[in-house]
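Results of the structural survey
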Amino acid sequence: MTYQKYLTLRDGTEFPAFGLGTWKSAPDEVYEAVRAALEIGYRHIDCAAIYGNEAEVGQAIADGIAAGDVTRQELWVTSKLWNDSHRRQHVRPALEKTLTDLGLDYVDLYLIHWPIAFRHGVEFPESGDQFLTLDEVPIEETWEAMLGARDAELARQVGVSNMGPERIEALSSVGELPAVDQVECHPHLQQRKLLTYCTANDIVLTAYSPLGSKDRAHRKDDEPPLLDHPLIADIADELDATPAQVLIAWALERDTSVIPKSVNRGRIAENFEAQDLEFSDLQMEAIASLDKGYRYLDGEFFARGESPYEADQIWI
Ligand code: A2P
């Protein structure tokens, strides 16, 4: 039986630290991936409207529950508000669409996906006028509507994604800080300043791309995959584990939540078993030395052409 770690959110809710990521899981693959994950023992599935696969994820959840693999109460489902629905009147309909796709009455956690806004109905902008600035739609307005959706019991918890301390702190003017901030986090981007801020404010940090996301379509350089790093390989050998397991266990050891994506049953099982690994202080110190503030997902996509956004300003 694999150990399952829970992190306690500010209101006392127990949040399963380890989950399955579904970004870039093709709709025809994600059904089997989620079914396998629930069978293996995963209790947390991370989704988003923009991933274009919530209906298939929802079908897998329904079938997993029907098969007795999990109950709705045991399961944690996260989804995210897309950038075209930041205005107050668009937040609840976007969440309702996600609930319809997932076939659920509520999500456990709903996040503002990015601190970036588009005109309503724009999936990915093709011109500057398809963006909205955060002066036009302040994040505070979106956050207030997120809290409203939570109070209407469409989401048990609400939070944010891709936001740094400055941006999160500004939300306190609305009355409440997010329960969770989901950001890219792995040994090359350890997010120490953000993690310190989150810990001090009872915000749980969820680490996305914990394996250093092999898809580097968003970057022009050729940083080698984190999974191939010799230091990670050495520690994996010492622990009789795989590099992916080391990266996942490292995230859990730091009391962050972690959501590795896989559509391969063997790797889904391998990643789950990472929860049982334990590090020595020396191994943790060695991994700490790998931090270099490197983003595999650098935000350039949102800053191209006539965009009013600058990549390095996204994460403040
Ligand atoms: P696949 O879905 O074919 O398993 P991240 O969550 O950091 O973005 O990483 C996801 C990428 O890592 C995907 O390409 C996924 O491919 C791959 N991956 C997931 N688990 C493992 C593993 N245990 N070993 C190697 N690669 C993995």
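Residues numbered from 1 in each chain as written. Predicted model: local features only at pLDDT ≥ 70, side-chain atom pairs only at ≥ 80, totals over all residues. Heavy atoms only, no water.

What to know about the packing of helix H8 (residues 243-253) against helix H9 (residues 265-273)
When two helices pack together, their arrangement is given by the angle between the helix axes and by the axis-to-axis distance. Closest axis-to-axis distance for the H8/H9 pair is 8 Å, and the angle between their directions is 45°. In terms of axis orientation, H8 runs oblique to H9. Crossing geometry of H8 relative to H9 is assigned as right-handed. Contacts between H8 and H9 involve Ala-244, Gln-245 and Ile-248 on the former and, on the latter, Glu-270, Asn-271 and Glu-273. (Axes fitted to C-alpha atoms, helices over the stretch in contact; angles between N-to-C directions. Helix = DSSP H or I, 4+ residues; strand = E, 2+ residues; numbered from the N terminus. Parallel < 35°, antiparallel > 145°, perpendicular 65-115°, else oblique. Left-handed = near helix turned anticlockwise from the far one by under 90°. Contact = heavy atoms within 4.5 Å.)

Digging into helix H6 (residues 192-200)
Where H6 is concerned, the buried positions are Leu-194, Leu-195, Tyr-197 and Cys-198. Seen end-on, H6 carries its buried residues on one side only, within an arc spanning 160°. With respect to the buried face of H6, the exposed residues turned more than 90 degrees away are Lys-193, Thr-196, Thr-199 and Ala-200. Where the residues of H6 are buried, they touch helix H5 (165-171), strand S10 (180-184) and strand S11 (204-208). Of the residues flanking the end of H6, it is Asp-202, one or two places downstream, whose phi is positive at about 55°. (Buried < 20%, exposed > 50% of the residue type's maximum accessible area, 1.4 Å probe, protein only. Arc of directions from axis to C-beta.)

Description of the environment of Glu-253
Structurally, Glu-253 can be placed in helix H8. The exposure class assigned to Glu-253 is partly exposed, which follows from its relative accessible area of 39%. For the pair Glu-253 and Gln-275, spaced 22 residues apart in the sequence, the C-alpha separation amounts to 9.2 Å. Not counting the four nearest positions on each side in its chain, Glu-253 is found in contact with Phe-279 and Met-284.

Section: the pattern of salt bridges
Going through the model one piece at a time under the given rule, you end up with ten salt bridges. Asp-255 is the partner of Lys-5 in a salt bridge, and the nearest nitrogen-oxygen pair spans 2.5 Å. Taken together, the residues span a long stretch of sequence, with Lys-5 in the segment before strand S1 (6-8) and Asp-255 in the loop between H8 and strand S12 (257-258) at a distance of 250 residues. Residue classification places Lys-5 among the buried residues on the basis of a relative accessible area of 15%. (Salt bridge = Lys/Arg side-chain N within 4 Å of Asp/Glu carboxyl O.)

Re the environment of Ile-259
The topology assignment puts Ile-259 in the loop between S12 and H9. Since its relative accessible area comes to 5%, Ile-259 is described here as buried. For the pair Ile-259 and Pro-210, spaced 49 residues apart in sequence, the C-alpha separation works out to 7.2 Å. In this structure, Ile-259 is in contact with Gly-19, Leu-20, Gly-21, His-44, Asp-46, Gln-182, Thr-206, Ala-207, Tyr-208 and Pro-210, ignoring residues within four places of it in sequence.

What about the nonpolar core?
Nonpolar side chains tend toward joint burial in soluble globular proteins. Val-34, Tyr-110 and Trp-114 are the most contacted members of the largest nonpolar core, which totals 101 residues. Here the element with the most residues in this core is H8; it accounts for eight residues. Discounting chain neighbours no more than four positions away, the residues touching Val-34 are Leu-20, Ile-45, Val-57, Ala-60 and Ile-61. (Core = buried A, V, L, I, M, F, W, Y, C linked by side-chain atoms within 4.5 Å.)

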